Amino acid sequence: MGDYALAIDIGASGGRHILGRIVHGCVELTEVYHFPNEIVTCNGLQCWDMEALFAHVVAGMRACADRGMTPATVSIDTWGVDYTLIDTAGKPLGPSVAYRDARTGAMPALLDAAIPPEALYARTGIARQPYNTVYQLMAEAKAAPAWPYANARLLFTPCYLQYRLTGIARNEFSIASTSGLLNARTGLWDEGVLAAAGIPPALLGDAPARSATLLGPLLPAVERLVGYPCTVVLPASHDTASAFLAAPLSGEGAAVLSSGTWSLLGQELDAPILTEAARLAGFTNESGYGGHTTFVRNIIGLWLLQAIRREWGKRLSYAEMAVLALEGKDYPHTFDASSGRFLSPAGMTAEIASALLEMGAPPPQSDAQLLYCVHQSLALCYGSAIKQLSALTQQPITKINVVGGGSQNTTLNQFTANATGLPVYAGPVEATALGNVTAQWIATNELQSLTEVHALIQNSIKLEVYQPQSH
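As the structure is a computational prediction, the values presented were derived from the model and not from experiment. (Residues numbered from 1 in each chain as written. Predicted model: local features only at pLDDT ≥ 70, side-chain atom pairs only at ≥ 80, totals over all residues. Heavy atoms only, no water.)

Engineer: Which parts of the structure should I look at to understand unusual backbone geometry?
Structural biologist: Apart from glycine, the bulk of residues carry a negative phi angle, and the bulk of peptide bonds sit in the trans form. Going from Gly427 to Pro428, the amide bond is cis rather than trans, its omega being 5 degrees. For His24, which is not glycine, the phi dihedral falls at a positive 55 degrees. Relative to the elements of secondary structure, His24 occurs in the loop between strand 2 (14-23) and strand 3 (26-36). Positive phi, close to 70 degrees, is recorded for Asn445, a residue that is not glycine. By secondary structure assignment, the location of Asn445 is in the loop between helix 16 (431-443) and helix 17 (450-460). (Helix = DSSP H or I, 4+ residues; strand = E, 2+ residues; numbered from the N terminus.)

Below is the structure:
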């Protein structure tokens, strides 16, 4: 029976503290704390409340002590691209602006004038998204006559929170790889991209640390707050990288679909694919554990359902929405679920109706039809991405491993199997937390290899299988 490892998994809508330990050759997970995370408005910008997030980080760690389940190690993972700028004393230099803010709208075209999109992709391998860190930093500079913070230091969101725990400022490779600032071949900050974007290299510090790196002990003040000593580990800090680490079928001819607010569909590869075909298909090359490339297409996923549910006053659970969708099968139309128009619309239901009307299709006439349309549109988008993935990697795909919270959506899993003609294996639900804790055990030498990780996870979970069905 091993020591507890604490995974703090923070997403765009909430976070959780999940304790893991190995018992009789299986991972045992226990959720000890859950908290909300919402975008707030600060001086006209959409921002994250980092003080509230850090307070929840500490409160959840304290909850472990209150339950008599104190961890030996702790790691934090979050979504990508966002960051906090700090001064030499470690104080924030401004709000932590969220990726959904509109300040970056003109930045991609501005960078295009300095470095063509195809050349940028050939260097960084990161798909063009208006919220990429490179564009956010350009927006920071554009808001002032010169770079506004002469002695600033950038820490990506999980790394800033871990800095608050330890006092050690260090970025980690997987989260840094989402920025559009790392060279995909060398793994170093790309000086050419920094120069083209007008970003001072000192802002980013040293090359990022690899996943599963011991960062350091808690600060004495933090230790007093949580009630125990603990070592902080840099996991695969990007939640997608942690989820892919825990995908039990990764490397077995399977495409992995990390299904949550965003859908990340792809495979882990030994090297990036930096071709023009990959760029035009919208695939991105991020870093996974062990130097692997997480080659994925980023698709607006369950955000569609989350936004609809919020508009409906949360009167239905996600499970109830999935069941209700089956009653709308008389609605024959779909929309492009990958379109950027759904990133932050004023109203999701109205935006979907507008998209359908522009295609000459009547909008759904009932809640069931709307939900059926959304589920089918997502499944068809996954099907298209699977074909592109196979063509780009030049490898056949024989199955899909859906991991994360979206693996519980039985309707979407079946629709995905139908749309792709491939069996869908659903699980684990807690993929990100599993990847987080196993990275901690690798750092402390409790696990020695990815082979051990995948064997442990396969022993710990049961996958639900969805076979393609003809209509």
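Here the narrative resumes.
Engineer: Looking at this structure, I do not really get the pattern of salt bridges. What am I missing?
Structural biologist: Pairing of side chains with opposite charge becomes possible as their charged atoms draw close. The final tally for this structure, using the stated rule, is 13 salt bridges. Of the charged contacts in the structure, one is a salt bridge between Glu28 and Arg21, with a shortest N-O distance of 2.9 Å. Classification of Glu28 by relative accessible area gives partly exposed; the value is 31%. One network of salt bridges, with partners in common, ties together Asp9, Arg16, Glu31 and Glu430. (Salt bridge = Lys/Arg side-chain N within 4 Å of Asp/Glu carboxyl O. Buried < 20%, exposed > 50% of the residue type's maximum accessible area, 1.4 Å probe, protein only.)

Engineer: Just to check I follow, could you spell out the pairing of strand 16 (residues 399-403) for this structure?
Structural biologist: Side-chain positions along a regular strand alternate between the two faces of the sheet. In terms of burial, strand 16 is largely enclosed, as 5 of its 5 residues are buried. Of the two faces of strand 16, both are covered, the one formed by Lys399, Asn401 and Val403 as well as the one formed by Ile400 and Val402. Bridging between strand 12 (residues 254-259) and strand 16 involves 5 bridges; their strand directions are parallel. By the bridge assignment for strand 16, Ala255 is matched with Ile400. Bridge analysis of strand 16 against strand 17 (residues 424-426) gives 3 bridges, and the strand direction is parallel. Looking at the pairing, Ile400 lines up with Val424 of strand 17. In the classification by handedness, the crossover that spans strand 16, the intervening helix 15 (residues 410-420) and the parallel strand 17 is right-handed. (Pairing = 2+ DSSP bridges. Right-handed = clockwise from strand over helix to strand, strands pointing away.)

Engineer: Sorry if this is basic, but what is going on with the packing of helix 11 (residues 303-311) against helix 14 (residues 367-393) here?
Structural biologist: Between two packed helices, the angle of one axis relative to the other and the distance separating the axes together describe the packing. Running from N to C, helix 11 and helix 14 cross one another at 165 degrees; their axes reach a closest spacing of 10 Å. Taken together, the axes of helix 11 and helix 14 lie roughly antiparallel to each other. At the point where helix 11 passes helix 14, the crossing takes the right-handed sense. For the pair helix 11 and helix 14, contact is made by Leu304, Leu305 and Ile308 and by Leu370, Leu371, Val374, His375 and Leu378, respectively. (Axes fitted to C-alpha atoms, helices over the stretch in contact; angles between N-to-C directions. Parallel < 35°, antiparallel > 145°, perpendicular 65-115°, else oblique. Left-handed = near helix turned anticlockwise from the far one by under 90°. Contact = heavy atoms within 4.5 Å.)

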